[in-house]
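Structural overview for review
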Amino acid sequence: MTDRPEAACDENRDEELRFLDPEPRIHSTARLKGCRIGRYAEVGERVILRDVHVGDFTYFERQGEAIHADIGKFCSIAANARINALDHPIGHKITYRPNEYFRWQPLDAQWRGERAAKRVTIGHDVWIGHGAVIMPGVVVGNGAVIGANAAVTADVPAYTIVGGVPARPIRRRFSKAIAERLERLAPWDWPLERLYDAISDMQKLDITAFLERHETGSV
């Protein structure tokens, strides 16, 4: 290690160059209202989000929709997924959205409040397949996987793979013991430096070897 000031500056600059701009990447055709978007998150073309909190590194592929939802970090949301699909009365919207047809007729405030209260909560490291629909009020646990075109009408336990209409459990993604170890390790909360250094292990090691290597925190 040299004590030259310029060498130290070069080293610091190299450290910073490891990381790209953390600002979320939002496509010009996406429409967002009342949202909070995390670092490195991606919102694809023609995605519509209203009152949605999106965690770091989570991405939405094209033409997805979400409303009144809290979505964790490192979630992968495929194209055409719909989170908190519209739950409206059986009948024409003239009864609860008359403002779309007449002046001085307000939107049904009670219906709007009830709709906003049925938030969807999605944990960290969740995969949501193409065209999946998640209904109001559903809670999806960390590490869950939702199959393509599934209709999720009930809560999904953590690290569980579900699919079908309505969605049913298919199998566990990881054993209960592995899932508990992942919860304790919580890689979604790691600082960027630790994530950067762990990438090669994420790519090469199976889950058991990865846990054994990183649980001590000495890597």
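In case you missed it, the structure is sitting above this.
None of these values were measured; they are calculated from a predicted model.

Observations concerning the pairing of strand β16 (residues 160-163)
- Burial along β16 is two-sided: the face carrying T160 and V162 and the face carrying I161 and G163 are both buried.
- Of the strand pairs in this sheet, strand β14 (residues 145-146) and β16 are connected by 2 bridges, and their pairing is parallel. Pairing of V145 across the sheet is with I161, part of β16.
- Bridge analysis of β16 against strand β17 (residues 168-172) gives 4 bridges, and the strand direction is antiparallel. Within the sheet, the bridge partner assigned to T160 lies in β17 and is R172.

As for the nonpolar core
- One finds I83, I122 and I128 to be the most contacted residues of the largest nonpolar core, which totals 31 residues.
- For this core, the secondary structure elements donating two or more residues are β5 (48-54), β7 (65-71) and β10 (120-122).
- Once residues lying within four places of it in the same chain are set aside, the contact partners of I128 are S76, I77, A78, A81, I83, I122, I134 and I146.
- In this structure, Y40, I178, L182 and L195 belong to the second largest nonpolar core, which totals 15 residues.

Observations regarding unusual backbone geometry
- Put simply, V165 and P166 share a cis peptide bond, and its omega is -10 degrees.
- Along the polypeptide, P166 turns up in the loop between β16 and β17.
- Of note in the backbone geometry, R46 takes a positive phi value of approximately 60 degrees without being a glycine.
- Relative to the assigned elements, R46 resides in the loop between β4 (42-43) and β5.
- Of the residues examined, R46 reaches a relative accessible area of 43% and is grouped as partly exposed.
- Its identity is not glycine, yet N84 carries a phi of approximately 65 degrees, on the positive side.

Remarks on the pattern of salt bridges
- Overall, the coordinates contain 10 salt bridges when judged by the stated rule.
- The residue D125 makes a salt bridge to R173 at a minimum N-O spacing of 3.4 Å. Placement of the pair is D125 in the loop between β10 and β11 (127-128) and R173 in the loop between β17 and α3 (176-185), with a sequence separation of 48 residues.
- Judged by its relative accessible area of 25%, D125 is partly exposed.
- One network of salt bridges, with partners in common, ties together D51, D70 and R119.

Definitions and limits used
Residues numbered from 1 in each chain as written. Predicted model: local features only at pLDDT ≥ 70, side-chain atom pairs only at ≥ 80, totals over all residues. Heavy atoms only, no water. Buried < 20%, exposed > 50% of the residue type's maximum accessible area, 1.4 Å probe, protein only. Helix = DSSP H or I, 4+ residues; strand = E, 2+ residues; numbered from the N terminus. Pairing = 2+ DSSP bridges. Core = buried A, V, L, I, M, F, W, Y, C linked by side-chain atoms within 4.5 Å. Contact = heavy atoms within 4.5 Å. Salt bridge = Lys/Arg side-chain N within 4 Å of Asp/Glu carboxyl O.

Function cannot be inferred from these measures alone, as they are strictly geometric.
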